[in-house]
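Given next are the chains, with one letter for each unit.
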Amino acid sequence: MAPSSDPDGPELPTDAAEPSFADTPRKPAPGLHLVATPIGNARDITLRALETLRGVDAIACEDTRTTGRLMARYGIATPLLPYHEHNAAKMRPQLLARMADGQAVALVSDAGTPLISDPGYKLVREAVAAGLAVTHLPGANAAVTALVLSGLPSDRFLYAGFLPSKAAARRTALADLKAVPATLVFYESPQRLPDMLADAAETLGGREAAVARELTKLFEEVRRGPLPVLAAHYAQSGPPKGEVVVVIGPPGDTAAEEPADLDALLRDALAGMSVRDAAATVATATGRPRKEVYARALDIAKGSG
Ligand code: SAM
């Protein structure tokens with residue numbers, strides 16, 4: 001049969017037999033296999049990842065209990081070796097020696113894609129330097145999931161990892177990113193989220209942003225809005241539960257101009273602030289005249305909006 005001509009689809013022959021992963025496990029080649037694991041929903045793991053994790057000689061992982069639970073779920077009994085920031089320097093030569101000896105070793109992190117704010121970079125660097133084969137089995141990643149859900153420009157983005165936890169260093173890091181003409185993606189702890197958003201609003205102004213929480217999990221939520229409104233929301237509500245990613249639009253992509261959006265912003269702000277503060281916050285965020293925004297906030301607060 002001719003390959004599919006669907007421009008959105010892969011060019012796969014439609015009558016090809018499905019490969020059977022259960023019956024014919026292929027032995028992974030010697031070398032390093034970087035395997036992505038789920039970020040919340042245990043079913044977000046690829047067939048190839050399972051096949052590889054079942055077939056390698058050992059799995060290096062951050063926490064043997066966390067990875068052990070995932071492996072138990074899929075009936076995988078491959079030996080687990082701890083590889084984390086405290087023992088990496090000692091473990092790395094051992095892992096490299098195994099691979100040089102012809103073993104296939106997988107590296108996984110507690111969740112998502114290894115090396116992305118997780119251990120593995122030096123292992124990859126040294127494996128490459130030693131001429132060992134290195135491959136990646138792609139899968140879940142919180143930064144990309146948050147970016148694509150944010151509704152913010154996705155054509156160019158900068159993954160900025162975790163900001164410093166100390167306020168002064170965090171503000172400096174944000175100021176350094178201010179001119180970057182791209183959407184910014186940050187990992188953040190829920191406890192630090194309110195302070196981080198306050199600093200981001202102060203440093204970056206009224207840019208559109210999104211807080212993506214508990215991705216792929218039961219209580220997945222994406223809260224979108226201008227930075228000052230998001231900052232006001234979390235200042236009021238306090239730290240959220242679960243894990244979060246913060247996505248901030250590029251310079252020039254400031255708040256929407258539509259009246260309907262103004263009302264939505266005001267309602268959101270009024271949920272946690274006085275009319276005066278809500279109007280001031282939204283006026284700053286949208287760049288609209290304070291008087292006009294205040295009048296609209298009053299209408300909404302009185303129930304006549
Ligand atoms: N390697 C992982 C990846 O590929 O996404 C990231 C590991 S990093 C140590 C953990 C951070 O990722 C969390 O603090 C949070 O910012 C983000 N994260 C991980 N899982 C998440 C989820 N399900 N929802 C939202 N954020 C998540």
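Every value quoted in this text rests on a predicted model; they were computed, and no experiment measured them. (Residues numbered from 1 in each chain as written. Predicted model: local features only at pLDDT ≥ 70, side-chain atom pairs only at ≥ 80, totals over all residues. Heavy atoms only, no water.)

A few words on the sheet that holds strand S7 (residues 183–188). Strand order in the open sheet formed by 5 strands is S6-S7-S10-S8-S9, and the pairing between neighbours is mixed. In this open sheet, the two edge strands, each paired with only one partner strand, are strand S6 (157–162) and strand S9 (221–226). Taken over all neighbouring pairs, the strand axes of this sheet differ in orientation by 15 degrees on average, direction set aside. As paired strands, S7 and strand S10 (residues 244–248) are joined by 5 bridges and run antiparallel to one another. (Pairing = 2+ DSSP bridges. Helix = DSSP H or I, 4+ residues; strand = E, 2+ residues; numbered from the N terminus. Axes fitted to C-alpha atoms, helices over the stretch in contact; angles between N-to-C directions.)

Once that is clear, we can look at the confidence of the model for the protein chain. Taken residue by residue, the protein chain gives an average pLDDT of 89. The fraction at 70 or more is 87%. Here residues 1–16 scores under 50 on pLDDT; set against residues more than four positions off or in separate chains, the count is 7 contacts. Below a pLDDT of 50 lies the segment residues 18–23, which in the model reaches 2 contacts outside its immediate sequence neighbourhood of four places, other chains included. (pLDDT = per-residue confidence, 0-100. Contact = heavy atoms within 4.5 Å.)

This part covers the layout of surface pockets. In this structure, the largest pocket encloses a volume near 670 Å³. Ile-39, Ala-111, Gly-112, Ala-142 and Glu-243 are the residues nearest the centre of the largest pocket, which is lined by 35 residues in total. Those elements giving two or more residues to the lining of the largest pocket turn out to be helix H2 (64–73), S7 and S10. When residues in the lining of the largest pocket are grouped by element, the largest group, 5 residues, is from H2. Its residues assigned to classes, the lining of the largest pocket shows 14 nonpolar, 12 polar and 9 charged. Each of two domains, domain 1 (22–137) and domain 2 (143–302), supplies a minimum of three residues to the lining of the largest pocket. Counted as a void, the second largest pocket has a volume near 210 Å³. Residue lining of the second largest pocket: 11 residues in total, with Arg-26, Pro-28, Arg-48, Glu-51 and Thr-52 positioned closest to the centre. (1 Å grid on protein atoms, 1.4 Å probe; cavity = no way out; pocket = protein on both sides within 12 Å on 5 of 7 lines; lining within 4 Å. Points joined across faces, edges and corners; volume = space filled by probe spheres on them. Nonpolar A, V, L, I, M, F, W, Y, C, P; charged D, E, K, R; others polar. Domains from an automatic or database assignment.)

Moving on to the pattern of salt bridges. Within this structure, the stated rule accounts for 11 salt bridges. When the shortest N-O distance is used, the salt bridge between Asp-199 and Arg-170 registers 2.8 Å. Of the two residues, Asp-199 is situated in helix H7 (residues 193–204) and Arg-170 in helix H6 (residues 167–177); the sequence distance between them amounts to 29 residues. Take Asp-199: its relative accessible area is 5%, and that puts it in the buried class. For Asp-199, the salt bridge goes to Arg-171, with nearest N and O atoms at 2.9 Å. Of the two residues, Asp-199 sits in helix H7 while Arg-171 sits in helix H6, which places them 28 residues apart along the sequence. Put simply, Arg-170, Arg-171 and Asp-199 are held in one network by salt bridges that share partners. (Salt bridge = Lys/Arg side-chain N within 4 Å of Asp/Glu carboxyl O. Buried < 20%, exposed > 50% of the residue type's maximum accessible area, 1.4 Å probe, protein only.)

This part is about the nonpolar core. Ranked by size, the top nonpolar core spans 21 residues in total, and within it Phe-186, Leu-193, Leu-197, Val-211, Leu-227, Val-246 and Ile-248 carry the most contacts. In terms of residue count, the dominant contributor to this core is H7 (6 residues). (Core = buried A, V, L, I, M, F, W, Y, C linked by side-chain atoms within 4.5 Å.)

What follows is about the packing of H7 against helix H8 (residues 227–237). Where H7 meets H8, the closest approach of the two axes is 8 Å, and the angle between their N-to-C directions is 155 degrees. Overall, the two elements H7 and H8 adopt an arrangement that is roughly antiparallel. The handedness of the crossing between H7 and H8 is left-handed. Here H7 contributes Leu-193, Pro-194, Leu-197, Ala-198, Ala-200, Ala-201 and Leu-204 to the contact with H8, which in turn contributes Leu-227, Pro-228, Leu-230, Ala-231 and Tyr-234. (Parallel < 35°, antiparallel > 145°, perpendicular 65-115°, else oblique. Left-handed = near helix turned anticlockwise from the far one by under 90°.)

A few words on the side chain of Arg-213. Topologically, Arg-213 is positioned in strand S8 (residues 208–213). Among the residues examined, Arg-213 registers a relative accessible area of 14% and is labelled buried. From its side chain, Arg-213 meets the backbone oxygen of Lys-241 in a polar contact 2.6 Å long. Excluding its chain neighbours within four sequence positions, the residues that come into contact with Arg-213 are Phe-219, Glu-220, Glu-221, Pro-240, Lys-241, Glu-243 and Val-244. (Polar contact = N/O pair within 3.5 Å; in protein donor to acceptor, adjacent residues only side chain to side chain.)

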